[in-house]
Each structure stands twice: as C-alpha cells, then as structure tokens.
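Summary of structural features
Letter by letter, the chains look like this.
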Amino acid sequence: MTIKQLISKLQKEDPNRLVVCSCDAEGNSYSPLDLVQKATYREETTWSGDVGPNKSTESGFKPALVLYPTN
C-alpha cells in the first residue's frame, strides 16, 4: 500500500479514532501506533523484507514509511 492509498482510506474515518497495529496477519495481538518514521525497505519475499536507513537506496531498497507499534 502506498501513502496515497492509505490517505484515501484514512480520510473516510473519524480523525479522533485510535490507531492500533496487529503483530501479525492472524491478529494474535495488538498494540497502539507509537511512531511513524521515514526509512527504506527491501522486499525479500511477497510478505517480508528488511528496513534500512532513509538514505540507503542501493541494493534494492526503496523509500518507505514505517509504522511502529508501542509493543
């Protein structure tokens, strides 16, 4: 999902609603959103990858925004 797609979805919601993050796709646990940080991301599979420093665009890393949960 891109930031544009996320904004489109979020604009339809109550801006005072809490944002929580699932620890995995199965929804085994949840945590409130704590930090949003610019970084770079390199896909390793269709469902997993690696995050690097924001300036690292070499070796397949692409600009990304990372959402970190409280726990």
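Nothing here was measured: the structure is a model prediction, and the numbers come from that model. Sequence order sets the numbering: in each chain, residues are counted from 1 along the sequence as written. Local features in this predicted model are restricted to residues whose pLDDT is 70 or higher, and side-chain atom pairs enter the listing and the counts only when it is 80 or higher, whereas totals over whole chains, interfaces and linings include all residues. Calculation of side-chain values draws on the structure's entire complement of heavy atoms; hydrogens and water are dropped beforehand.

Things to note about the overall build of the chain
A helix here means a DSSP run of H or I that spans at least four residues, while a strand means a run of E at least two residues long, and both kinds are numbered starting from the N terminus. When its secondary structure is counted, the chain shows one helix and four strands. Along the chain direction, N to C, the helices and strands of the chain fall in the order α-β-β-β-β. Projected onto the principal axes, the alpha-carbon positions of the chain cover approximately 40 × 25 × 20 Å. Only protein chains enter the calculation, and the probe is 1.4 Å; a residue is then buried if its accessible area is under 20% of its type maximum, exposed if over 50%, and partly exposed in between. Out of the 71 residues in the chain, the part that is buried amounts to 11%. Only the protein chains shown count as cover for residues, and the accessible areas themselves come from Shrake-Rupley with a 1.4 Å probe. Roughly 6200 Å² of accessible area belongs to the chain as shown, and the carbon and sulfur atoms make up 53% of that amount. Placing the 8 positive and 9 negative side-chain charges of the chain at their respective mean positions leaves the two points 10 Å apart. The charge count includes Lys and Arg as positive and Asp and Glu as negative, but it does not include His or the ends of the chains. The atom standing in for a charge is NZ when the residue is Lys, CZ when it is Arg, CG when it is Asp and CD when it is Glu.

Quick notes on the layout of surface pockets
Only protein atoms enter the 1 Å grid, on which a cavity is a set of points fitting a 1.4 Å probe that cannot get out and a pocket is an open set with protein on both sides within 12 Å along at least 5 of 7 lines, lining residues being those with an atom within 4 Å of a point. Grid points are joined across faces, edges and corners, and a volume is the space filled by probe spheres set on the points. If you add up the space inside the largest pocket, you get close to 530 Å³. Residue lining of the largest pocket: 14 residues in total, with Met 1, Tyr 41, Ala 64, Leu 65 and Val 66 positioned closest to the centre. No other element matches strand β4 (residues 62-69), which puts five residues into the lining of the largest pocket. Taken together, the residues that form the lining of the largest pocket break down as eleven nonpolar, three polar and no charged. Each residue receives one of three labels: charged for Asp, Glu, Lys and Arg, nonpolar for Ala, Val, Leu, Ile, Met, Phe, Trp, Tyr, Cys and Pro, and polar for the others, Gly being one of them.

Some thoughts on the pairing of strand β3 (residues 49-52)
Direction of pairing for strand β2 (residues 30-43) relative to β3: antiparallel, over a ladder of four bridges. If you follow Arg 42 over to β3, its bridge partner there is Asp 50. In this analysis, strands are considered paired if DSSP registers two or more bridges between them.

Structural notes on the environment of Lys 4
Looking at the element boundaries, Lys 4 is found in helix α1 (residues 3-10). Given the relative accessible area of 70%, Lys 4 is considered exposed. Measuring from C-alpha to C-alpha, the distance between Lys 4 and Gly 49 comes to 21 Å, with 45 residues separating the pair along the chain.

Details of a nonpolar patch on the surface
Patches here: salt-bridge-free residues with over 30% relative accessible area, like charges joined within 9 Å, nonpolar side chains (Val, Leu, Ile, Met, Phe, Trp, Tyr) joined within 5 Å. Here a salt bridge means any side-chain nitrogen of Lys or Arg lying within 4 Å of a carboxyl oxygen belonging to Asp or Glu. Judged by side-chain polarity, Met 1, Ile 3, Leu 6, Ile 7, Leu 10, Val 36, Leu 65 and Leu 67 come together as a nonpolar surface patch covering roughly 740 Å² of accessible area. Looking at the nonpolar patch, the elements with two or more residues in it are α1 and β4. Mapping Ile 3 onto the fold places it in helix α1.

Here's the deal with the side chain of Ser 31
Summarising the element assignment, Ser 31 is placed in strand β2. Given a relative accessible area of 4%, Ser 31 falls into the buried group. Only 3.2 Å separates the side chain of Ser 31 from the backbone nitrogen of Thr 70, close enough to count as a polar contact. Apart from the residues within four sequence positions on either side, Ser 31 is in contact with Val 20, Cys 21, Pro 69, Thr 70 and Asn 71. A 3.5 Å cut-off defines polar contacts: any pair of N or O atoms within that distance qualifies, except that in protein one atom must be a possible hydrogen donor and the other a possible acceptor, and neighbouring residues in sequence count only when both atoms are side-chain atoms. Contacts are assigned to residue pairs that have any heavy atoms within 4.5 Å of one another.

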